[in-house]
Structure formats: structure tokens, C-alpha cells
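# Fold and geometry: a report
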Amino acid sequence: MDYGKVREAVIKDWNEDVLSSLSGLVEIPALSAAYDAAWERNGHLRAAADHVRDWIASRGLPGARCEVVQLDGRAPLLLVDVPATAGAAARGTVLLYGHLDKQPPLGDWSDGLGPWQPVVRDGRLYGRGAVDDGYSGYAATTALTAVQAAGGEHARAILLLETGEESGSPDLPAYLEHLSDRLGEVSLVVCLDAGGGDYERMWLTASLRGVVQATVTVRVLETSAHSGLASGIVPSSFRVMRRLLDRLEDSVTGEVTVPEMNVPIPEERRAEAEALAALEPGAAARRYRLADGMRAASDDDVELILNNTWRPTLSVIGAAGLPDPAVAGAVLRASTSLRLSFRTPPTVDAETARAALVKILTTEVPYGAQVEVGDFMLLNGWQAPATAPWLAATLEEIGDRVFGRPCRSLGIGGGIPFMEMLGLRYPDAQFVVTGALGADSNMHVPDEWLNIAFAERVTEAVAHILDAHARN
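A brief structural summary. As the structure is a computational prediction, the values presented were derived from the model and not from experiment.

Reading the values: rules and limits
- As a convention, each chain's residues are numbered from 1 in the sequence order in which they are written.
- Since the coordinates come from a predicted model, pLDDT governs what is reported: local features require at least 70, and pairs of side-chain atoms require 80 or more to be given and counted, while whole-chain, interface and lining totals use all residues.
- Side-chain metrics rest on all non-hydrogen atoms present in the structure, leaving aside hydrogens and water.
- Numbering goes from the N terminus for both helices and strands, where a helix is a DSSP run of H or I of at least four residues and a strand is a run of E of at least two.
- Every radius of gyration here is taken over C-alpha atoms, with the globule rule written as 2.2 Å times N^0.38, N being the number of residues.
- To sort residues, take the accessible area from a 1.4 Å probe on protein chains only and compare it with the maximum for the residue type: under 20% means buried, over 50% means exposed, and anything in between is partly exposed.
- We call two residues in contact whenever any of their non-hydrogen atoms come within 4.5 Å of each other.
- Surface accessibility follows the Shrake-Rupley procedure with a 1.4 Å probe radius. Residue values consider only the protein chains on display as shielding.
- In this tally, Asp and Glu contribute negative charge and Lys and Arg positive charge; neither His nor the terminal groups of the chain are included.
- Just so you know, the charge point we use is NZ for Lys, CZ for Arg, CG for Asp and CD for Glu.
- With a 1 Å grid spanning the protein atoms alone, the term cavity applies to any set of points in which a 1.4 Å probe fits but cannot get out, the term pocket to an open set with protein on both sides within 12 Å along at least five of seven lines, and the term lining residue to any residue with an atom within 4 Å of a point.
- Grid points are joined across faces, edges and corners, and a volume is the space filled by probe spheres set on the points.
- Residues are grouped as follows: Ala, Val, Leu, Ile, Met, Phe, Trp, Tyr, Cys and Pro are nonpolar; Asp, Glu, Lys and Arg are charged; all remaining types, including Gly, are polar.
- Strand pairing follows a simple DSSP-based rule, namely that at least 2 bridges must link the two strands.
- Simply put, an axis is a line fit to the C-alpha atoms, just over the touching stretch for a helix, and the angle between two N-to-C directions goes from 0 to 180 degrees.
- When two cysteine sulfur atoms are found within 2.5 Å, that pair is recorded as a disulfide.

### Observations regarding the overall build of the protein chain
Check the secondary structure of the protein chain and you find 14 helices and 20 strands. On C-alpha atoms alone, the protein chain measures out to a radius of gyration of 24 Å, which is about the 23 Å that the 2.2 N^0.38 rule sets for 472 residues. With respect to the three principal axes, the spread of C-alpha positions in the protein chain is 80 × 50 × 45 Å. A burial count over the protein chain gives 52% of its 472 residues as buried. If you take every contact in the protein chain between residues at least 6 apart in sequence, the share linking residues at least 24 apart comes to 82%. When the accessible surface of the protein chain is summed, it comes to about 20200 Å², and 49% of that surface belongs to carbon and sulfur atoms. Counting 41 positive and 63 negative side-chain charges, the protein chain places the averaged centre of each group 2 Å from the other.

### Some details on the layout of surface pockets
Reported here for the second largest pocket is a volume of approximately 390 Å³. Lining the second largest pocket are 25 residues, and of these Leu204, Thr387, Leu395, Arg408 and Ser409 lie nearest its centre. Looking at the lining of the second largest pocket, the elements with two or more residues in it are β9 (203-208), α8 (267-279), α12 (389-403), β17 (408-412) and β18 (430-433). It is α12 that provides the largest number of residues to the lining of the second largest pocket, a total of six residues. Split into classes, the residues belonging to the lining of the second largest pocket amount to 14 nonpolar, five polar and six charged.

### A word on the sheet that holds strand β14 (residues 335-344)
Reading across the sheet, the four strands line up as β12-β14-β10-β15 and stay open at both edges, with antiparallel pairing between neighbours. Only two strands of the sheet have a single partner each, and these edge strands are β12 (313-320) and β15 (370-379). Taken over all neighbouring pairs, the strand axes of this sheet differ in orientation by 20° on average, direction set aside.

### Some points on the state of the cysteines
Applying the stated criterion across every chain, the model contains zero disulfides. Between Cys66, a cysteine without a disulfide, and Cys191, which holds the nearest cysteine sulfur, the sulfur-to-sulfur distance is 20 Å. Judged by its relative accessible area of 25%, Cys66 falls in the partly exposed class. Cysteine Cys407 remains unbridged, with the sulfur of Cys191 as its closest cysteine sulfur at 16 Å.

This is the structure we're talking about:
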């Protein structure tokens, strides 16, 4: 397949069609269900799915069927079924994945920017969901049209865009079961919800961490009391919480001490971390805007990478029962609640980790305080299978002819629920987990942005992978 024709088709579609429709998607406040209790009544998730469906339907892919599937009480899913080209009917099914739901706006955006306000500036498209992960359906569709425009081949392609990824994909197992007969035998999975360390090369995700989230509440009083009268008699709920957290994490080193959340680090992953650290020394910490005087958790780049990919970490991501400092009275509060988010190594079983967490937090609680642990979100991690020779050769050629630099693989500290589900369901499939995300793309935080030129090159690369898969 001609590289020049593919590039021409991709750039033309992105400039003339993709950006305008993707900007319209940014305008839809399609918060994931975990952040919008009234998501079904508000209709934003369905609006996002309908918006992208209409655009894909307008692309004129021969025989393509576009359908928004919605099971009762579950967030909608966009399913696009594109028949194989004439020479690739026997190559099974390619499953291309992305998601349309979004994180909340979270904080103040810069002047002239806003979460639902698409802005193109300096080669970037700003707005919530632009890079995480609204562009994915557009990139996948454009890759398919580019293959056909350049005279290439592709197997039957299923584009699956869910609207619950940011909530941990709770509805995805039901949809996979519901659609199992329609998906067929999947031989290649392309996930476009990832990225890498820079915008100079194609990045392949080698592993993803899992997630164990829970809300922990410590209650010491039926009702709050005057702190001057109660303190010294009633232990504060925050002090009890601190002691419980000490059971989970070494506050000096940050080491998570729950045995069920720790695994041996495979030697090939350590070698991968060493190669990544050597590529750009100091980059692991430099990507983040540390406060003045602040330093990273380690001076060793390899250790930082392994901390982020193969060791468990704990973040406190929410709290309740704590008033704003400006209005905090002299009160010994009845309770404290914290939302704990553990990122677990790729091979940790999330349910086993959950059970261990509950036992640690509810056994022999200091002073007999009441402890509740609930509102769980569990996600297993994932490891990529060995790369088939045809795919390895294709990636090498893409590195040379599309990016001008060799492709690289890396572990990612985040998670994608769909990958673990598909890995179990299709153990013989090849996986390409890639995308346009960069460490500075600001996904989940203010000023999220998509590098447009990089997204175009990722689209171009996917087109060549589809063609190579069809011919091998």
C-alpha cells in the first residue's frame, strides 16, 4: 500500500472533516456515569454516541452498519461493522476500540479555554475529551477510509466505542456477552486510548496497571462535638484514619505494604524500563510541573518508571466530612471519609486485593471506631502478548516511514478495562495499544489537548497495520 497516498488521504480527512466534527463532540458534556448520577435523564452520553455515529455514517464506507446499542439501565455503546475488502475476507475480525465518555471539568481552565469549548491553537485542539478519548473513533474510521483510498486491504472491522470507560467500564462485560455472536473471531485488537512519552514516535503499550478504589469512612461520634470539650476524650476520626492508612502505606517511602497488591517485576519489564530511561534521562519527573522546591520520589529514572508501572501506589483522591478551612469551626467531627485509589501491578487480581484491603481496615480498629469500606471500583491490569513476526515487521516499517524514529513500547500506569476483558476472551489475538496521548496532554485535568499532527500520524500508522494484517 502506497505510503504517500495513505498520508494524503489521512491529512485531507483530518483537515476537512475530522476536526469540525470532533470539535462538536467536545461541546457535549458527556460525563461518565460515575460523575453524573442523572446521566440517563441528561442524555449527554447518548448524544455523544449519536453525534459520532452520524459522522461515521456520512463517510460512505461500503457496507458499513452504524448502530447505537443500549441495554436497559446501561450506558450506550456505538458499534460500527465494516465488511472486509475483497482480498481479506478470511482474516477474521479487527476490533478497534475507544470511548466517548469524559472526566469532569475539574478546576479552572486557562483564559480562553473551557472544558466544553473546542479551541484550535498552535496545532492543538483543546477541550475535555479531545484526546481522552474522543479522537479515537475518528482516527479509526479515517484509517479505514485511507486504506481503501490507497488501494489497500483490511479485514472485517468492528469499531466499538463505549461510554463508560472513565467509570471503570462496568457495563462492558454485559455488552461483550450481548454482542459475542456479532463480534466473530477477533484476530487483531487496536486500542486508541493510550500514548507515550513524546510526539516523535509511535508508542506501544506493553502493560497496564489495575485499579482498586474504595471509600473508607471512620466514625467516632453519633454527632459532632465542640473540639475544646471533646478532644483528649474522644480520639479524632482523622487520627484513627491516619493509623489505618499506616497499615496500607509507608508514608516515608510511599511503599504500599499490602502483600496482595505486590508482585515480582518481570525481568523483561525491568529491561524495558532501563531502555526507556536511557532514551531521555530525567524525563520521567520532568513531564510534571512540580511545585517549587519539590522533588520526585526517587533520583533514579528506572525506579520512577517501575514505581509507575509495576509497583502499587496509593492516592487519596477525595474526602468528605472536612469543611473548607475558611469556615471550619472548633468541632471534633463525627466522621472522616477518604476515597482511596490504589494502582496495582498488571498481574494483581483486583478482587483478591479488595478482600485484603477490607480485612486490613476493619480488623482491630483503634479505639473500636466504626469503619465502613465500600463504593468499590475494581479493574484488573493487563500485559501484551508476544508480538507476531508480521506485526513486528510492520511496526519497524512504520517507525521508519511514518515517524522517522523506531517505535517504542512502555508500561503505562493507568488502566483500560477493555484490554483485560479482551485478553481473556481472545487469547490468540494480537494487540496494538497505542494512541495520541502524551504525558503533557492534560487528560483528566484542566486544559486537556490533542496534538493534531501526532493524531494524524497515529491514524496513518493504524491504516498500515490494518493493511498488513489483511495480507499476512
